[in-house]
Amino acid sequence: MTENKNSSPHALYIHIPFCARKCNYCDFHSMVSETKTINRYLHALEKELQAFRGQYLIKTIYIGGGTPSVLNESQLEKLLSGIVRYIPASEIQEYTVEINPGTVTKDKIEVLKEYFVNRISLGVQSFQDRQLKLLGRIHSGEDAKNAFALLRMHGFQNINIDLIFGCPEQTFDDWEKDLKVAMELNPEHLSAYALTYEDETPLANDLKNKIVHRVEEFVELEMYKMAISYLTRNRYNHYEISNFAKDGYECCHNRVYWENRGYIGIGAGAHSFLRGVRTANEKDILKYIHGIQENTDIKSFDECLPQNLYAAETIIMSLRLRQGILNADFYERFGYAIEDKFGVQISRLQKHGLVTYEGDRLKLTEKGLFVADTVMTEFL
Ligand code: SF4
């Protein structure tokens, strides 16, 4: 499907499904691969990107994974030089690459700089080696600090740090230490996620076999509250359930997802969402490469969202933002007010003090924030 290039801007996600090693908790679409497959994959990516040339106004690019920084310098250069060939650098407002502290080098950072990357998301998860070992990360806390310093030294002024809380055996003290080290580094953005035990991961199996023990739910909630209070005291805006940013550094790319607007995904398993149609690329890396080479359809999934589901999903995603959703915007997109279709649910949630209207904005209350998943299911 093509849209007028001058229509609303889009976000472009590029998936690199390779990692140096699988982490114990990870069920993301990624694998350890040899150079030859990676090179073939990069070639396929460029071909897929080529097909989009000039069709969309791309304002944000996010290269994620997997581990984009697992690419060597020449692979990284091939990827990034291919991107600027099809998307003018002058159009891009925000250009993020995910970096693993265990695979970053000075030369790779120089390549990122040369090709206009202006935001880094550093997968730190924890600064404590005991915890990193348990999570199966390939880096130490010291590696994370060094990677951050190296990025700063090369002029990156917009860096996100990812942290995980609620890990087995993690204490409040451990978590506070992680937050403290992060604050000393002074990133522009910080994401704090609760650990999830995804089925069939080594960590979930260890949990099942009682080798590790889950922290209690109330402990996890207190850790989340601790993060909110610690980070807001340090002048980070808590702008999304799991995300905190200094003024002006909210992630523009992810905002597109949270507002349920159009995005394009390139690469194996990547999803796109255009004019209410959601598609996903073939997940299997070799099948994806083959499909691109042979010019066959690489979509494994294709769904035109019914209007009521599209509207419900838009409310759910937007409620993740602390500012909530503006009724006027919703009206402009769907042709009716939120109350017209979801009045019953909203009244019920208001009665329980979980959502509120602030002017024309529907948002989660503080109470609603801590049970956000339950609130969201009301709209489905
Ligand atoms: S580095 Fe990220 S994508 Fe790769 S295995 Fe670890 S958590 Fe998963």
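Procedures and definitions
Residues numbered from 1 in each chain as written. Predicted model: local features only at pLDDT ≥ 70, side-chain atom pairs only at ≥ 80, totals over all residues. Heavy atoms only, no water. Pairing = 2+ DSSP bridges. Helix = DSSP H or I, 4+ residues; strand = E, 2+ residues; numbered from the N terminus. Contact = heavy atoms within 4.5 Å. Axes fitted to C-alpha atoms, helices over the stretch in contact; angles between N-to-C directions. Domains from an automatic or database assignment. Buried area = accessible area lost by both parts, 1.4 Å probe. Salt bridge = Lys/Arg side-chain N within 4 Å of Asp/Glu carboxyl O. Polar contact = N/O pair within 3.5 Å; in protein donor to acceptor, adjacent residues only side chain to side chain. Nonpolar A, V, L, I, M, F, W, Y, C, P; charged D, E, K, R; others polar.

Chemist: Before we go on, may I ask you to explain the sheet that holds strand E13 (residues 325-326) in this structure?
Modeler: In any sheet, the strands associate via hydrogen bonds between backbone groups, in a parallel or an antiparallel arrangement. With antiparallel pairing, the 3 strands of this open sheet are ordered in space as E13-E15-E14. Each edge of the open sheet is held by one strand with a lone partner, namely E13 and strand E14 (355-358). Looking at chain direction, E13 and strand E15 (residues 361-364) are connected through 2 bridges and run antiparallel. Opposite Leu 326, over in E15, you have Arg 361 as the bridge partner. Contacts between helix H13 (residues 338-351) and the sheet are confined to E13, E14 and E15, with E14 contributing the most and set at about 120° to the helix.

Chemist: Could you clarify how one ought to interpret the domain arrangement of the protein in this entry?
Modeler: By a widely used convention, the size of an interface equals the accessible area lost when the partners come together. Here the protein is described as being made up of domain 1 (10-258) and domain 2 (307-377). A C-alpha centroid distance of 29 Å is found between domain 1 and domain 2. In this complex, domain 1 contributes 12 residues to the contact, which on the side of domain 2 involves 12 residues. Between domain 1 and domain 2, a total of about 1,000 Å² is buried, with carbon and sulfur atoms accounting for 65% of that surface. Looking only at domain 1, the three residues that lose the most surface to domain 2 are Ile 241, Arg 255 and Trp 258, adding up to 50% of its buried area. In this assembly, domain 1 and domain 2 are joined by 1 salt bridge. Among the ionic pairs, Glu 240 bridges to Arg 320, the shortest N-O distance being 2.5 Å. Applying the counting criterion to the domain 1 and domain 2 interface returns 4 residue pairs in polar contact (both at pLDDT 80 or more). Looking at the side of domain 1 that touches domain 2, the elements that each hand over two or more residues are helix H8 (217-233), strand E7 (237-240) and helix H9 (252-258). A per-element tally of the side of domain 1 that touches domain 2 places H8 first, with 4 residues. Residues belonging to the side of domain 1 that touches domain 2 are distributed by class as follows: 7 nonpolar, 2 polar and 3 charged.

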